[in-house]
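# Survey of secondary and tertiary structure
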Amino acid sequence: MSDATSGKLTGQDEISALVLRQKRFFSEGRTLSLAFRKEQLSRLKAAVKTYEQEILDALLADLNKAADEAFMTEIGLLYTEINEAMKRLRKWAKPKKVRTPLLFFGAKSYIMPEPYGTVLVIAPWNYPFQLAIAPVIGAIAAGNTVIVKPSELTPHVSAVLAKLFHSAFDPAFAAVVEGEVETSRALLAQPFDYIFFTGSVAVGRTVMESAAKRLIPVTLELGGKSPCIVHRDTNLKLAAKRIAYGKLMNAGQTCVAPDYLLVHQSIKSEFVRALKDAFREFYGDNPIESARYGKIVNERHFDRITGYLEGGGTITHGGRYDRGKLKIEPTLIENVTWEQPVMQDEIFGPILPILTYDRIEEVIHAVNDRPKPLALYLFTDDGAIERDVLARISFGGGCVNDTLMHLGTSNLPFGGVGESGMGSYHGKFSFDTFSHRKSVLKQTMRFDLALRYPSDKSRIELLRKAMK
């Protein structure tokens, strides 16, 4: 490395050398010790505490995240994840006994979780600290060595991550590698034992293609257009507040943000008024000037998002923007169709298209006609509607009568399905993601069953009795 605290490597050879060092470290067996894993998790937590203010400053510089939002969504969640991993690690790592068929009388069967080896975590830019560290918690708990590639689009957070890892870990165990797209390509060419990627569907395809060449298992946390259904029987004011919260967190740059609304036509006007009130309550009449309102990560994404404002539909709230500040007002677009640009791709910004429906059957068919979303949100007090939607629409995860909150509990796996991703994590699910479940059958040596051998003349009759 060119700098003792930098994660920037000068080329393919240095990256290859780092991966080789980690593989050698893993082969020594030190990560198999639960005490070692707990120590590293403790080091990670202490380092996050040490650099907490620098992390908050970096998030403000890269994304204009207010300190309370940044702590809640980027740091606080990690403390709870680390605490749970340290508390429950012994239980998670314990071999699990399972039933053995009568045919194998005398034997015992169990499943042993074992680490994959050396793993790669590729983090996104929208939650650049939390989504870099959360998978690392699972990787360390499971006993792997790990290399993290932060996003180059959030350079201040990337630099803090590199400094934090340098202070806490031997790079042969855990390291950050900073760089541009070329660095990601160089990392994907390495013989990792597992790859964990969070990002866009397009890049996810590239990651999976690279991993397939070496038959490396992957977890892909992607995205897509997550629908939010507002039925006529819900509490409109509270629903509007919770939807505004979920949509405008991080200026809409959240993979599970409500991407578009499906509102029952009988309550649309009243609901839209409530939604506008919620926007004003959160960020005032001029959100662009609000210090608490986030910015778009860069000009390329800003131009992509503002392009949707010219793509059809009627802007009924907001629509103003400031390219110099990289800020876009919370914006509602009505009279949209499925064919318009704003309904084709994930918006990933503070624009919320509104469609209406009359029967819930229309909603189910409309969502199912498109790629499976990462999240789905339903606001209703009707149990029959709830059961129908949850049973018939496939999605990664979601909420009834709320938004985003399913991410806050480590007892629920977080992940996508179909084009929105594969695999899941959080809590024990993170440990499981980074663990191979090894099957073991231990046979007794105190006696032997003759029917297993071809020399037993009554074998066929006994087998018929035992296996039917």
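Residues numbered from 1 in each chain as written. Predicted model: local features only at pLDDT ≥ 70, side-chain atom pairs only at ≥ 80, totals over all residues. Heavy atoms only, no water.

### Some words on the UniProt feature "domain: Aldehyde dehydrogenase" (unreviewed entry) in the chain
Mapped onto the present numbering, the UniProt feature "domain: Aldehyde dehydrogenase" (unreviewed entry) falls at residues 11-440. Taken end to end, residues 11-440 is 42% helix and 19% strand, and its two terminal C-alpha atoms sit 42 Å from one another. (UniProt positions renumbered as here; feature names shortened; annotations may be inferred. Helix = DSSP H or I, 4+ residues; strand = E, 2+ residues; numbered from the N terminus.)

### Section: the UniProt feature "active site" (unreviewed entry) in the chain
Per the UniProt record, "active site" (unreviewed entry) is found at Glu-221. In this structure, Glu-221 sits in strand S7 (residues 218-221). When its relative accessible area of 2% is taken as the criterion, Glu-221 is described as buried. With sequence-adjacent residues up to four places away left out, Glu-221 is seen in contact with Phe-196, Phe-197, Thr-198, Gly-199, Phe-414, Gly-415, Gly-416, Ser-420, Gly-423, Ser-424 and Tyr-425. (Buried < 20%, exposed > 50% of the residue type's maximum accessible area, 1.4 Å probe, protein only. Contact = heavy atoms within 4.5 Å.)

### Structural notes on the packing of helix H4 (residues 67-93) against helix H5 (residues 130-141)
Close contact between H4 and H5 brings their axes to 9 Å; oriented N to C, the two are set at 5°. Taken together, the axis directions place H4 and H5 in an arrangement best described as roughly parallel. Packed against H4, whose contacting residues are Thr-73, Glu-74, Leu-77, Leu-78, Glu-81, Ile-82, Ala-85 and Leu-89, the element H5 presents Gln-130, Ile-133, Ala-134, Ile-137 and Ala-141 at the interface. (Axes fitted to C-alpha atoms, helices over the stretch in contact; angles between N-to-C directions. Parallel < 35°, antiparallel > 145°, perpendicular 65-115°, else oblique.)

### Side note on the sheet that holds strand S2 (residues 108-115)
As summarised here, the arrangement of the three strands in space is S1-S2-S20, forming an open sheet in which the pairing is antiparallel. The two strands at the open ends of the sheet, each matched to only one other strand, are strand S1 (96-98) and strand S20 (435-442). Taken over all neighbouring pairs, the strand axes of this sheet differ in orientation by 30° on average, direction set aside. Note: S1 against S2, three bridges, orientation antiparallel. Note on S2: the bridge partner recorded for Lys-97 is Tyr-110. (Pairing = 2+ DSSP bridges.)

### Considerations on unusual backbone geometry
If a residue is not glycine, its phi is most likely negative; likewise, a peptide bond is most likely trans. Of note, the phi angle at Ala-251 is positive, near 55°, even though the residue is not glycine. With respect to the helices and strands, Ala-251 occurs in the loop between helix H9 (236-248) and strand S9 (260-264). Note on Ala-251: relative accessible area 1%, which makes it buried. We note that Asn-401 has phi near 70°; this positive angle belongs to a residue other than glycine. Secondary-structure assignment places Asn-401 in the loop between strand S16 (397-400) and strand S17 (414-415).

### Structural notes on helix H10 (residues 268-283)
Taking 1.5 Å of rise per residue, 16 residues should cover 22 Å, and H10 covers 23 Å from first to last C-alpha, within 8% of that figure. Those residues of H10 not exposed but buried are Phe-271, Val-272, Ala-274, Leu-275, Lys-276, Ala-278, Phe-279 and Tyr-283. Positive backbone phi, at 75°, marks Gly-284, one or two positions downstream of H10. (Expected span 1.5 Å × (residues − 1).)

### Side note on the pairing of strand S13 (residues 331-334)
The side-chain alternation of S13 yields two buried faces, one formed by Thr-331 and Ile-333 and the other by Leu-332 and Glu-334. In this sheet, S13 lies alongside strand S10 (residues 314-317) in antiparallel orientation, the contact comprising three bridges. If you follow His-317 over to S13, its bridge partner there is Leu-332. Here three bridges tie S13 to strand S14 (residues 351-357), and the two strands are oriented parallel to one another.

### Examining the nonpolar core
Formed by 91 residues in total, the largest nonpolar core has its most connected members in Phe-129, Phe-165, Leu-261, Phe-271 and Leu-275. Excluding anything up to four places from it in sequence, Phe-271 contacts Val-230, Leu-236, Ala-239, Ala-240, Ile-243, Leu-261 and Val-263. Core analysis: the second largest hydrophobic core is formed by 31 residues, Ile-305, Val-367, Ile-385 and Ile-393 among them. (Core = buried A, V, L, I, M, F, W, Y, C linked by side-chain atoms within 4.5 Å.)

### So, the pattern of salt bridges
Within this structure, the stated rule accounts for 23 salt bridges. One salt bridge connects Asp-170 with Arg-21, and the closest N-O pair in it is separated by 3.7 Å. With Asp-170 in the loop between helix H6 (155-168) and strand S5 (174-176) and Arg-21 in helix H1 (residues 12-27), this residue pair connects regions lying 149 residues apart in the sequence. Among the residues examined, Arg-21 registers a relative accessible area of 42% and is labelled partly exposed. Note that Glu-299 is salt-bridged to Arg-323, the shortest N-O span being 3.6 Å. A residue pair is termed long-range when its members are at least 10 positions apart, and Glu-299 in helix H11 (residues 299-307) and Arg-323 in the loop between strand S11 (321-322) and strand S12 (327-328) qualify at 24 residues. Look at Arg-323 and you get partly exposed, because its relative accessible area is 38%. Each member of the salt-bridge network shares a partner with another, and the members are Asp-277, Arg-280 and Asp-285. (Salt bridge = Lys/Arg side-chain N within 4 Å of Asp/Glu carboxyl O.)

### Description of the packing of aromatic side chains
Centre distance and the angle of the planes are the two values used to describe a pair of aromatic rings. In the structure shown here, the tally under the stated rule is 18 aromatic pairs. Summarising the aromatic geometry, the rings of Tyr-116 and Tyr-194 are spaced 4.8 Å apart at their centres and angled 40° between planes, so their arrangement reads as tilted. Here Tyr-116 is found in the loop between S2 and strand S3 (118-122), whereas its partner Tyr-194 is found in strand S6 (residues 194-198), with 78 residues between them in sequence. Residue class for Tyr-194 comes out buried when judged on its relative accessible area of 6%. Centre to centre, the rings of Tyr-260 and Trp-338 are 5.4 Å apart; their planes meet at 85°, and the pair counts as edge-to-face. (Phe/Tyr/Trp six-rings, centres within 6.5 Å; stacked < 30°, edge-to-face > 60°.)

### Details of the environment of Leu-120
Mapped onto the elements, Leu-120 comes out in strand S3. Through-space distance from the C-alpha of Leu-120 to that of Lys-149 is 7.6 Å; in sequence the pair is 29 residues apart.

### Overview of the sheet that holds S14
Strand order in the open sheet formed by seven strands is S10-S13-S14-S9-S8-S15-S16, and the pairing between neighbours is mixed. The open sheet has two free edges, formed respectively by S10 and S16, since each of these has just one partner strand. Recorded for the sheet is a direction-independent mean angle of 25° between the axes of neighbouring strands. The sheet contacts of helix H13 (residues 383-392) involve strand S8 (227-230), strand S15 (375-379) and S16, and relative to S15 the element is tilted by about 170°.

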